[in-house]
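# Secondary and tertiary structure notes
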Amino acid sequence: DKNNADAAFKLAQIYLYGQESPEKIPANVPLAIQYLSIAAKGNNAEAQTLLGQVYLNGTGTTKDLSKALALFIQAADSGNADAQNMVGYLYHNGIGTMVNNTEALKYYLLAANQKMASAEYMMGFMYQNGLGAPQNLSESFNYYQLAAYNGIANAQLQLAMLYTQGKAVPFSKTESYAWLNIAASSSQPDIRSTALSARALLEATMSQDELNKAQAL
């Protein structure tokens with residue numbers, strides 16, 4: 001039942017990671033997998049997701065991509081946003097299955113509807129590139145904007161590019177500059193470097209008034 005599944009999941013976490021207090025319990029991955037399996041069979045979505053990760057990565061067991069996908073789908077269909085996002089990723093990249101962007105889009109949407117920022121970004125990417133659905137730059141912009149406000153640096157960069165290109169939204173140097181400014185503070189070196197380079201090029205084409213407006217945004 002649910003209580004047994006929840007208890008098994010708690011034990012699985014203890015044995016998967018180990019515990020320091022209130023008493024020291026060393027990690028025991030094989031035992032953790034046993035408890036995760038019990039909890040997953042009891043329809044504990046978090047256990048299904050974590051067990052999926054175990055099989056995806058081959059943590060303490062043989063890597064089994066198809067089993068990982070099946071577990072993620074179970075959890076995703078129970079409403080687990082992490083699992084929904086992962087199913088989207090696996091279908092999009094053909095891991096444990098054939099590439100299926102229609103299914104990828106479906107599961108990314110479920111996760112995005114739960115405000116998962118990485119799924120919002122992927123929805124923008126899928127619509128921008130016509131993957132799983134016809135290309136729709138307006139939808140792409142909307143999802144990139146959601147992801148950008150939720151801190152996804154790549155989405156911030158994509159918004160800047162869309163404003164520079166005048167696609168899906170009116171051409172705007174000031175909006176583009178403002179998003180490049182934000183992306184330039186990213187902790188990801190490649191995105192930061194791209195944003196800084198693009199900002200310098202854009203700045204060279206802007207008047208002082210445009211720069212003042214952009215920096216005020």
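In this report, we go over the structure that sits alongside the text. Keep in mind the model is a prediction, meaning the values are calculated, not measured. (Residues numbered from 1 in each chain as written. Predicted model: local features only at pLDDT ≥ 70, side-chain atom pairs only at ≥ 80, totals over all residues. Heavy atoms only, no water.)

## Remarks on the overall build of the protein chain
Within the protein chain, the secondary structure is distributed over 12 helices and zero strands. The C-alpha atoms of the protein chain give a radius of gyration of 22 Å, which is well past the 17 Å a tight globule of 217 residues would have. In terms of overall dimensions, the protein chain has a C-alpha envelope of 65 × 40 × 30 Å along the principal axes. By the burial criterion, 43% of the 217 residues in the protein chain qualify as buried. For the protein chain, the proportion of contacts with a sequence separation of at least 24, taken over those separated by at least 6, is 44%. About 11,200 Å² of surface is accessible on the protein chain, with carbon and sulfur atoms providing 51% of the total. (Helix = DSSP H or I, 4+ residues; strand = E, 2+ residues; numbered from the N terminus. Rg over C-alpha atoms; globule rule 2.2 N^0.38 Å. Buried < 20%, exposed > 50% of the residue type's maximum accessible area, 1.4 Å probe, protein only. Contact = heavy atoms within 4.5 Å. Areas by Shrake-Rupley, 256 points an atom, 1.4 Å probe, with all protein chains shown as cover.)

## Thoughts on the pattern of salt bridges
Two side chains that carry opposite charge are able to pair once their charged atoms sit near each other. For the structure shown, the criterion picks out four salt bridges. Between Lys24 and Glu20 there is a salt bridge, with the nearest N and O atoms lying 3.0 Å from each other. Just as Lys24 is exposed, Glu20 falls in that class too. Note that Lys106 and Glu103 form a salt bridge whose closest N and O atoms lie 3.7 Å from each other. With Lys106 and Glu103 both in helix H6 (residues 101–112), this residue pair falls three residues apart, about one helical turn. Look at Lys106 and you get partly exposed, because its relative accessible area is 41%. The class of Glu103 is partly exposed, set by a relative accessible area of 21%. (Salt bridge = Lys/Arg side-chain N within 4 Å of Asp/Glu carboxyl O.)

## A word on the packing of aromatic side chains
For the coordinates displayed, the defined rule picks out six aromatic pairs. Taken together, a centroid distance of 6.0 Å and an interplanar angle of 10 degrees make the contact between Tyr15 and Tyr35 stacked. One end of the pair, Tyr15, is in helix H1 (residues 2–17); the other, Tyr35, is in helix H2 (residues 29–41), with 20 residues separating them in the sequence. (Phe/Tyr/Trp six-rings, centres within 6.5 Å; stacked < 30°, edge-to-face > 60°.)

## Section: the packing of helix H3 (residues 45–57) against helix H5 (residues 81–93)
Running from amino to carboxyl end, H3 crosses H5 at an angle of 35 degrees, the nearest separation of the two axes being 10 Å. In terms of crossing hand, the pair formed by H3 and H5 is left-handed. In contact with Thr49, Gln53 and Leu56 of H3, H5 contributes Asp82, Ala83, Met86 and Leu90. A per-class count over the contact of H3 with H5 returns four nonpolar, two polar and one charged. (Axes fitted to C-alpha atoms, helices over the stretch in contact; angles between N-to-C directions. Left-handed = near helix turned anticlockwise from the far one by under 90°. Nonpolar A, V, L, I, M, F, W, Y, C, P; charged D, E, K, R; others polar.)

## Comments concerning the nonpolar core
Counting 67 residues, the largest nonpolar core has Leu36, Leu51, Phe72, Val87, Tyr108, Met123 and Leu180 as its most contacted members. Residues within four places of Met123 in sequence aside, it is in contact with Leu105, Tyr108, Leu109, Ala112 and Tyr143. (Core = buried A, V, L, I, M, F, W, Y, C linked by side-chain atoms within 4.5 Å.)

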